Amino acid sequence: MITVLGRRNSANVQKVTWALGEMGLDYVRQDIGGSFGYPEDYPSPNRVVPSIRDGEIVMWESNACVRYLARRYGGGSLWPADEAQLATADMWMEWQRSDVAAFFLVFQALIRDLPVSPEKVAQAEATCTRSFRQLDKQLSGKDYICGNDLTMADIAIGVMMFRYMTLPIERATLPALEAWYRRLCDRPAYRKHVMIEYGRNVDEWNAHEQANAGIQ
Ligand SMILES: N[C@@H](CCC(=O)N[C@@H](CS)C(=O)NCC(=O)O)C(=O)O
């Protein structure tokens, strides 16, 4: 049985649970991180979530976990069979790590009271718009990032879209990205694992975190 270590409201944990949901795999999730704290034997030395266990394999770093699960269990679907699509998926997963980090700052500042100046938030919002324009271009004429099917790249980037689309911020008009987001919203596993209410401030955030305890 696969074990996911991490609270349900973490976007990085959601990459893993959504991927497992798409592949129809059973797993057990433990509430760790945030207000739940960390057990002494938590695998990741950085004490961030997620980590996963699958038999002898213990690992962390959300995108590495998604790649591992997709390669082992999602051949031909989340892990594309076509080499060109696989390369594209891998590339966009790296893009997520390097180019979409600004969105985390916007989210943390608006909902979780991260102490940053309004100027820094505005700057990060502009960076997000620039990055999401690049993604909009990639998605133009396609259902998903690599073509007609959902892959691990959609998972790594798509987890952030629910928050991006529902935060009280100004958004540029990005037609292909918006159509992709609607497609994600039609997927039962996305609705279950990613479209989770997060509240409007840090108190509501913490209340939602606790309310999600124990939900797989
Ligand atoms: N590079 C790591 C980042 C993980 C990360 O920053 N996770 C956040 C939640 S999204 C976290 O653990 N925050 C502290 C906590 O929840 O205790 C990954 O992709 O797994």
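Just so you know, these numbers come straight off a predicted model, no measurement behind them. (Residues numbered from 1 in each chain as written. Predicted model: local features only at pLDDT ≥ 70, side-chain atom pairs only at ≥ 80, totals over all residues.)

1. Section: the domain arrangement of the chain
What counts, and what does not: Reported domain spans reflect what an automatic or database domain assignment gives. With C-beta atoms placed from the backbone, a contact is any residue pair whose C-beta atoms sit within 7 Å. Numbering of helices and strands starts at the N terminus; helices are DSSP runs of H or I of at least 4 residues and strands are runs of E of at least 2. Polar here means any residue outside two lists: the nonpolar Ala, Val, Leu, Ile, Met, Phe, Trp, Tyr, Cys and Pro, and the charged Asp, Glu, Lys and Arg; Gly therefore counts as polar.
Domain annotation for the chain reports domain 1 (2-76) and domain 2 (83-193). Its C-alpha centre places domain 1 at a distance of 20 Å from the equivalent point of domain 2. Counting residues at the interface gives 12 residues for domain 1 and 12 residues for domain 2. Contributions of two or more residues to the side of domain 1 that touches domain 2 are made by helix 1 (11-23) and helix 2 (62-73). A per-element tally of the side of domain 1 that touches domain 2 places helix 1 first, with eight residues. A breakdown of the residues in the side of domain 1 that touches domain 2 according to their chemical character gives five nonpolar, four polar and three charged.

2. Some thoughts on the environment of T17
Going by this rule: Our exposure labels follow a C-beta count within 10 Å of each residue's own C-beta, placed from the backbone: buried means 20 or more other C-beta atoms, exposed means 12 or fewer, and partly exposed covers the counts in between.
Locating T17 in the fold gives a position in helix 1. T17 gets classed as buried once you count the C-beta atoms within 10 Å, which come to 23. A sequence separation of 175 residues divides T17 from K192, and the C-alpha atoms of the two residues are 9.3 Å apart. When sequence neighbours within four positions are dropped, the list of residues in contact with T17 reads V4, R29 and H193.

3. Observations regarding unusual backbone geometry
A cis amide bond, omega 10 degrees, links V49 with the succeeding residue P50. Following the sequence through the fold, P50 ends up in the loop between strand 2 (27-30) and strand 3 (51-54). The phi dihedral of E61 falls on the positive side, at around 75 degrees, and the residue is not glycine. Structurally, E61 can be placed in the loop between strand 4 (57-60) and helix 2. At D113, a residue that is not glycine, the phi angle is positive and equals roughly 60 degrees. Its place among the elements puts D113 in the loop between helix 4 (101-111) and helix 5 (118-139).

4. Considering the site of the ligand
Applied cut-off: In this text, near has one meaning. A residue is near a molecule or strand if its C-beta atom, placed using the backbone, is within 6 Å of it.
Every residue near the ligand is listed here: S10, A11, N12, G33, G34, V48, V49, P50, E61, S62 and N63. Among the residues forming the shell around the ligand, the class breakdown is four nonpolar, six polar and one charged.

5. With respect to the nonpolar core
Operational definition: What we call a nonpolar core is a set of buried Ala, Val, Leu, Ile, Met, Phe, Trp, Tyr and Cys residues whose membership is set by joining through C-beta atoms within 7 Å.
Of all hydrophobic cores here, the largest spans 43 residues; its most connected members are V16, A19, V66, M152, A153 and I155. Looking at this core, the elements with two or more residues in it are strand 1 (2-5), helix 1, helix 2, helix 3 (83-99), helix 4, helix 5, helix 6 (152-166) and helix 7 (175-185). In terms of residues, this core owes the most to one element, helix 6, which gives nine residues. Both domains that meet at this core, namely domain 1 (2-76) and domain 2 (83-193), each give it at least three residues. Not counting chain neighbours up to four residues away, the residues in contact with I155 comprise K15, W18, A19, V66 and L78.

6. What to know about the sheet that holds strand 1
Let me state the cut-off plainly: Two strands make a pair as long as DSSP finds a minimum of two bridges between them. For helices, the fitted axis covers only the stretch in contact; all axes are lines through C-alpha atoms, and the angles between them, taken along N-to-C directions, range from 0 to 180 degrees.
Strand order in the open sheet formed by four strands is 2-1-3-4, with mixed pairing between adjacent strands. Each of the sheet's edge strands pairs with one partner strand only, and the pair in question is strand 2 and strand 4. Strand-to-strand twist across the sheet, computed as the mean angle between neighbouring axes with direction ignored, equals 15 degrees. Here four bridges tie strand 1 to strand 3, and the two strands are oriented antiparallel to one another. Directly across from I2, in strand 3, lies its bridge partner D54. Contacting strand 1, strand 2 and strand 3, helix 1 runs over the sheet at an angle of about 155 degrees to strand 1.

7. Notes on the environment of V28
If you trace the backbone, V28 turns up in strand 2. The exposure class of V28 is exposed, given the 11 C-beta atoms found within 10 Å. Spatially, the C-alpha atoms of V28 and E204 are 26 Å apart, while their sequence positions differ by 176 residues. Setting aside anything within four residues of it in sequence, one finds V28 in contact with M1 and T3.

8. Considerations on the environment of E61
Judged by the 17 C-beta atoms lying within 10 Å of it, E61 falls in the partly exposed class. Residues E61 and P50 lie 11 residues apart in sequence; the distance between their C-alpha atoms is 6.8 Å.

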